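# Chains, contacts and geometry: an overview
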Amino acid sequence: MAQKYLLTAFSEDRPGIVASISQLIYENGCSLEKSAMTNLSGEFAILLLFSSMSDGDNGDLLEKLTTECRRLERDKGITAYIRPIDVDEKKPRADILKKTVHVEGLDQAGIVYKISQFLATNMVNISHLNSSVRLSPQSGAALYTMTIQVEIPHTLSLQTLEDGLGQIGDQLNVDVTVS
């Protein structure tokens, strides 16, 4: 099986960042599998999963990719890190329930921490999280929105999860729903 790698990168947003990163992957005989990229306040952030097209020894490849990452930082101002990962082909788990948690309310410190800490304490895995702040058109107040894809173990009742998240929502004065 081909070796898989995880790449994280960031740079001040400008044209050409994706081209530079994808060139590094392509020219080193690798194939991009999954990606997430976004602009965060003028910084472009990238998270990629890619694999070597070769089934042979990839020790030299990792060294070359790491050298190429240093070159990207030096020549183009793109900070990038690569690490090999072990990926077992996972079968869909029958012992979890997938749900989405929605959080919305006035922006304040601690929303992500308190929600994620509750989830972790209850062994609920976060598989994806998106959040943003926008200004209310009526009042101009900062509104925080978060959407979390979660994997709930069958040992935790949905009612217990909803009740616990509801209590946190009440403490923070934000709306929390599970769908």
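Anything mentioned here points back to the structure above.
Residues numbered from 1 in each chain as written. Predicted model: local features only at pLDDT ≥ 70, side-chain atom pairs only at ≥ 80, totals over all residues. Heavy atoms only, no water.

## Side note on the packing of helix α3 (residues 111-121) against helix α4 (residues 158-172)
Keep this limit in mind: Lines fitted to C-alpha atoms define the axes, with helix axes restricted to the stretch in contact, and inter-axis angles between N-to-C directions lie between 0 and 180 degrees. Secondary structure elements follow DSSP: runs of H or I of four or more residues count as helices, runs of E of two or more count as strands, with numbering from the N terminus. Angle categories are assigned with fixed cut-offs, so that under 35 degrees is roughly parallel, over 145 is roughly antiparallel, 65 to 115 is roughly perpendicular, and the rest are oblique. Note: crossing handedness is left-handed where the near helix turns anticlockwise from the far helix by less than a right angle, and right-handed where it turns clockwise. Here a residue-residue contact requires only that any non-hydrogen atoms of the pair lie within 4.5 Å. When residue character is reported, Ala, Val, Leu, Ile, Met, Phe, Trp, Tyr, Cys and Pro are called nonpolar, Asp, Glu, Lys and Arg charged, and the others, Gly included, polar.
Axis separation between α3 and α4 bottoms out at 10 Å; the angle between their running directions is 160 degrees. In terms of orientation, α3 lies roughly antiparallel with respect to α4. Relative to α4, the crossing made by α3 is right-handed. Two secondary-structure elements touch here, α3 through Ile-111, Lys-114, Ile-115, Phe-118 and Leu-119 and α4 through Thr-160, Leu-161, Gly-164, Leu-165, Ile-168 and Leu-172. Of the residues that constitute the contact of α3 with α4, the class distribution is eight nonpolar, two polar and one charged.

## Brief notes about the pairing of strand β2 (residues 30-40)
Heads up, the rule is: Only when DSSP finds a minimum of two bridges between them are two strands counted as paired.
Examined bridge by bridge, β2 and strand β3 (residues 43-52) share ten bridges and lie antiparallel to one another. If you follow Asn-39 over to β3, its bridge partner there is Phe-44. The turn joining β2 and β3, which pair antiparallel and follow one another in sequence, is formed by two residues; a positive phi near 50 degrees is taken by Ser-41.

## Looking at the sheet that holds strand β5 (residues 96-106)
Strand order in the open sheet formed by four strands is β6-β7-β5-β8, and the pairing between neighbours is antiparallel. The sheet terminates laterally at β6 (125-135) and β8 (174-178), the two strands that pair on one side only. Between one strand axis and the next, the sheet turns by 15 degrees as a mean value, whatever way the strands run. Sheet topology places β5 next to β8; five bridges connect them, and they run antiparallel. Paired with Glu-104 across the two strands is Asp-175, which belongs to β8. Contacts between α3 and the sheet are confined to β5, β6, β7 (142-153) and β8, with β7 contributing the most and set at about 10 degrees to the helix. Packing of α4 onto the sheet brings it into contact with β5, β7 and β8, and relative to β8 it is tilted by some 170 degrees.

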